[in-house]
Amino acid sequence: MVQWDLQLPHRWRRRVKLSILVAGALAVLSWRRGTWRRLMVLLFRRQFVRRDPIYGESLGIVYSKQDATWEMFLDGLGIPVDSPARSHVRQLFARPHIEATLVELFNKLTDGRPTATLQDISRLSNGLSGHLHVLLKTKGRVPLVKAVSEDQQWLDENFEFRFPPESPLDSQTFIGFVKLIIVRRVCRTLIGALGVDTLRGGLQAPLSINISFDVGGDPVILQTVTPVSTANSVGERLGHIQDIDEDQSEDA
């Protein structure tokens, strides 16, 4: 059987082989840039994993295919729509200086690039820290919980599906996404300390919440004080969760 390349003139055989080599090299480069990987995701994993990575099974929290918002998360937790704490979060996020701060955070995170990558969001999640305490009781500070492996796995499996090239994570989309990260991290801390039923019942004492994003350079800081929601024992219990001396906490 005569091979196909023997049927071509010598100079054309060289050109064909060179073209094949160039095409192969470009394919490898495209794969490294994520082009082929995104294609494989679209072909073989068409379903967006809607369940929350931690509370999807236990509490049935799911997100919309089109969006994942902090309101959806609180709906899943069973926090009443008209609760004072929820209204406070809504008013807080509506303040112009909060949006400006989150845009500043986006610019620091992306170093001026117009869109954020999976690596950027992973760095954001791991760089989130802070604490909360009953107002005027700083010795009872409770540190915010850290990101866990389930969070990173959810990002790895869903980021490119949720933010494809035609709808990337730009600054405006980022604002809504980072609000979910903030609310979810604070609620995870409160659930771990008090339990979800207590959180649903409301807060007796106002809480001071301090959040810091360390993504390079000076950290981006957010602070707020929540209102009282109802008469229960949340304030007293939270004050005894972790009795940290304020001077020791600042030195840590």
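Look up: the structure comes first, before these words.
The shown structure was predicted, so the numbers you read here are calculated from the model rather than taken from an experiment.

1. A few points about the layout of surface pockets
Piece 1. Its volume calculated, the largest pocket comes out at about 470 Å³.
Piece 2. If you trace the largest pocket, you find 30 residues lining it, with Ala85, Val89, Val186, Ile209 and Thr226 closest to the centre.
Piece 3. Within the residue set of the lining of the largest pocket, elements represented by two or more residues are α5 (84–94), α9 (171–194), α10 (196–201), β5 (207–213) and β6 (220–225).
Piece 4. Counting residues per element, the lining of the largest pocket draws most heavily on α5, which supplies seven residues.
Piece 5. When the residues that make up the lining of the largest pocket are grouped by side-chain class, the tally is 20 nonpolar, eight polar and two charged.

2. Things to note about helix α8 (residues 149–162)
Residues lying three or four places apart along an α-helix face the same way, a consequence of the helix completing one turn every 3.6 residues.
Piece 1. Taking 1.5 Å per residue, 14 residues should reach 20 Å; α8 reaches 19 Å between its end C-alpha atoms and fits that length.
Piece 2. A bend of about 35° at Asp156 is the largest found in α8.
Piece 3. Asp151, Trp154, Leu155, Asn158, Phe159, Glu160, Phe161 and Arg162 are the residues of α8 that are buried.

3. Here's the deal with the packing of helix α7 (residues 118–126) against α8
Piece 1. Contact pair α7 / α8: the axes reach a minimum separation of 11 Å and the direction vectors enclose 160°. Relative to α8, α7 is oriented roughly antiparallel. Between α7 and α8 the crossing geometry is right-handed. Contact residues: Leu118, Ile121 and Ser122 in α7; Gln152, Leu155, Asp156 and Phe159 in α8.
Piece 2. Within the contact of α7 with α8, the residues separate by chemical class into four nonpolar, two polar and one charged.

4. Describing empty space enclosed by the protein
Piece 1. This model, assessed by the stated rule, comprises three cavities of 30 Å³ or more.
Piece 2. The computed volume of the largest cavity comes to approximately 220 Å³.
Piece 3. Mapped onto the lining of the largest cavity, the elements with two or more residues apiece are α7, α8 and α9.
Piece 4. Among the elements that line the lining of the largest cavity, the one with the most residues is α9, at six residues.
Piece 5. Looking at side-chain class alone, the lining of the largest cavity contains eight nonpolar, one polar and five charged residues.

5. As for the pattern of salt bridges
Piece 1. Using the criterion set out here, one finds nine salt bridges in the structure.
Piece 2. For Arg184, the salt bridge is made with Asp52, and the minimal N-O distance between the two is 2.8 Å. Note that Arg184 is positioned in helix α9 and Asp52 in the loop between α2 (35–44) and α3 (55–58), a separation of 132 residues in sequence.
Piece 3. Note on Arg184: relative accessible area 11%, which makes it buried.

So, how was this worked out
The residue numbering used here restarts from 1 in each chain and proceeds along that chain's sequence as written. Local features in this predicted model are restricted to residues whose pLDDT is 70 or higher, and side-chain atom pairs enter the listing and the counts only when it is 80 or higher, whereas totals over whole chains, interfaces and linings include all residues. To get the side-chain values, take all heavy atoms of the structure and skip hydrogens and water. Buriedness for pockets is judged along seven lines, at least five of which must meet protein on both sides within 12 Å for an open set on the 1 Å grid over protein atoms alone, while cavities are sets there where a 1.4 Å probe fits but cannot get out, and lining residues have an atom within 4 Å of a point. Grid points are joined across faces, edges and corners, and a volume is the space filled by probe spheres set on the points. Helical segments are the DSSP runs of H or I of at least four residues, strand segments are the runs of E of at least two, and each set is numbered from the N terminus. Put simply, Ala, Val, Leu, Ile, Met, Phe, Trp, Tyr, Cys and Pro go in the nonpolar bin, Asp, Glu, Lys and Arg in the charged bin, and everything else, Gly too, in the polar bin. Between the first and last residue of a helix there are one fewer steps than residues, each counted as 1.5 Å, and that sum is the expected span. In this analysis the local bend is the angle between axes fitted, respectively, to the seven residues ending at and the seven residues starting at the residue. For every residue, the accessible area (1.4 Å probe, protein chains only) is compared with the maximum for its type, and the residue is labelled buried under 20%, exposed over 50%, or partly exposed between those bounds. The convention used is that axes are lines fitted to C-alpha atoms, helices contributing only their stretch in contact, and that angles between N-to-C directions extend from 0 to 180 degrees. Roughly parallel here means an angle under 35 degrees, roughly antiparallel means over 145, roughly perpendicular means 65 to 115, and every remaining angle is called oblique. Throughout, a crossing is termed right-handed when the near helix is turned clockwise from the far one, and left-handed when it is turned anticlockwise from it by less than a right angle. Contacts were defined at the residue level, with two residues in contact if any of their heavy atoms lie within 4.5 Å. We define a salt bridge as a contact between a side-chain nitrogen of Lys or Arg and a carboxyl oxygen of Asp or Glu at a distance within 4 Å.

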